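Per-entry structural report
The lines below spell out each chain.
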Amino acid sequence: MMENKNRDVVALGELLIDFTDSGLSAQGNPLFEANPGGAPCNVLAMLQKLGRRTAFVGKVGEDMFGSLLRKVCEEAGICMDGLIADREVRTTLTFVKNAPDGDREFSFFRNPGADMMLKTQELPEDMLRDTRIFHFGTLSMTHEGVREATKSAVAMAKESGALLSFDPNLRPPLWPDMETAKEQIRWGLSQCDILKIADNEIEFMTGETDFDKGAAALKTEFPNLTPINVTAGAEGSYSYYGDEKVYVPSFRLGGTIETTGAGDTFCACVLNYVLDHGLEGLTKENLRDMLRFANAAAYLVTTKKGAIKSMPERGQVEEILNAC
């Protein structure tokens, strides 16, 4: 059923402006660059670079930032027929400050933000039933109304035979409490086929800092997960598939500016590999190839600011792979 679809990947969730730390003005005031972002469309933007047919479902404000986001995503080739503009609530904004160690601090202007206001009755059912893969995260599960919409969208895509891809994308400031976050992430884990999870998230969900133990705990509780892909920042990435484990180190070639969008780029490359090869009978060599390409692409996006406009071309990724 997965083959007979008009879209390769449809994603639902947040579309927002990342105001990225850009140093100081001549007067010593902090400067921030308005970068279009939001994890689901970051994923789709990279998939478009790889020649995939993508579409987005979500909501922005009927304001200057909402118009900018629609324009940028359409220019990236993403179908935005599922994007709604809300007259009452403004587009969500995030301010991202980079720490010297490469970590990031987020300040969200989302109380409420338009992305939270998506309702079940606004979902484009035909689009959700016409995709090979449906991708979602948890920013669309932090509040009751959009949570219901997300779960309805997951059900529609699943019923139509789509594979489900999930990225917890944990942002603690957006949750009323961490137990609610854990509960909703657990629901996402119970639904998906393909998991991309960061090092801090696997520790949050399992209490394990050892990735092998954390992945084993997830597989025991959620046998539907195939594969479990763990990103460990500058250390590289891991894939757990059946009884196999593959680790590929990151590409440390210098020039990193910030890490916004790196995990989403990685996720997109994994989905692209699955679209080409499926999920059945993957070998260690398959998993290694998948992770190498994803790591190289993720490295390249860290050499530019922002995400949607910073996704690398396939040829740029292959240049790195051929050189290393």
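Our structure is the block above this text.
Residue positions are given per chain, counting from 1 as you read along its sequence in written order. Given that the model is predicted, a residue must reach a pLDDT of at least 70 before its local features are reported, and side-chain atom pairs must reach 80 or more before they are shown or counted; all residues, however, enter totals for whole chains, interfaces and linings. Where side-chain values are given, they derive from all heavy atoms of the structure, hydrogens and water being excluded.

1. Description of the sheet that holds strand S2 (residues 16–24)
Heads up, the rule is: We call two strands paired when DSSP finds no fewer than two bridges between them. Starting at the N terminus, helices and strands are each numbered in turn, a helix being any DSSP run of H or I of at least four residues and a strand any DSSP run of E of at least two. Helix axes are fitted to C-alpha atoms over the stretch in contact, other axes to C-alpha atoms as well, and angles between N-to-C directions run from 0 to 180 degrees. When checking whether two residues touch, look at their non-hydrogen atoms; a contact exists if any pair is within 4.5 Å.
The sheet built from four strands is open, its strands ordered S3-S2-S6-S7 with mixed pairing. Pairing within the sheet leaves two strands with one partner each, and these edge strands are strand S3 (30–37) and strand S7 (104–109). Averaged over all pairs of adjacent strands, the angle between their axes in this sheet comes to 25 degrees, without regard to strand direction. Alignment of strand S6 (residues 93–98) against S7, held across six bridges, turns out to be antiparallel. Across the sheet, the residue bridging to Val 96 is Phe 106, located in S7. Where helix H2 (residues 64–75) meets the sheet, its contacts fall on S2, S3 and S6, and the angle it forms with S2 comes to roughly 100 degrees.

2. Concerning the sheet that holds strand S10 (residues 194–198)
Taking strand neighbours across the sheet as the criterion, the nine strands line up as S5-S4-S1-S8-S9-S10-S11-S12-S13 in an open arrangement whose pairing is mixed. At either margin of the open sheet sits one strand with a lone partner, and together these are strand S5 (79–86) and strand S13 (244–248). Pairwise comparison of adjacent strand axes, ignoring direction, gives a mean angle of 15 degrees for this sheet. With four bridges connecting them, strand S1 (residues 7–12) and strand S4 (residues 54–61) associate as parallel partners. Paired with Leu 12 across the strands is Val 57, a residue of S4. Those strands touched by helix H4 (residues 144–159) are S1, strand S8 (131–137) and strand S9 (163–167), and its axis lies near 160 degrees from that of S8.

Purely spatial values, then, with no claim about function.
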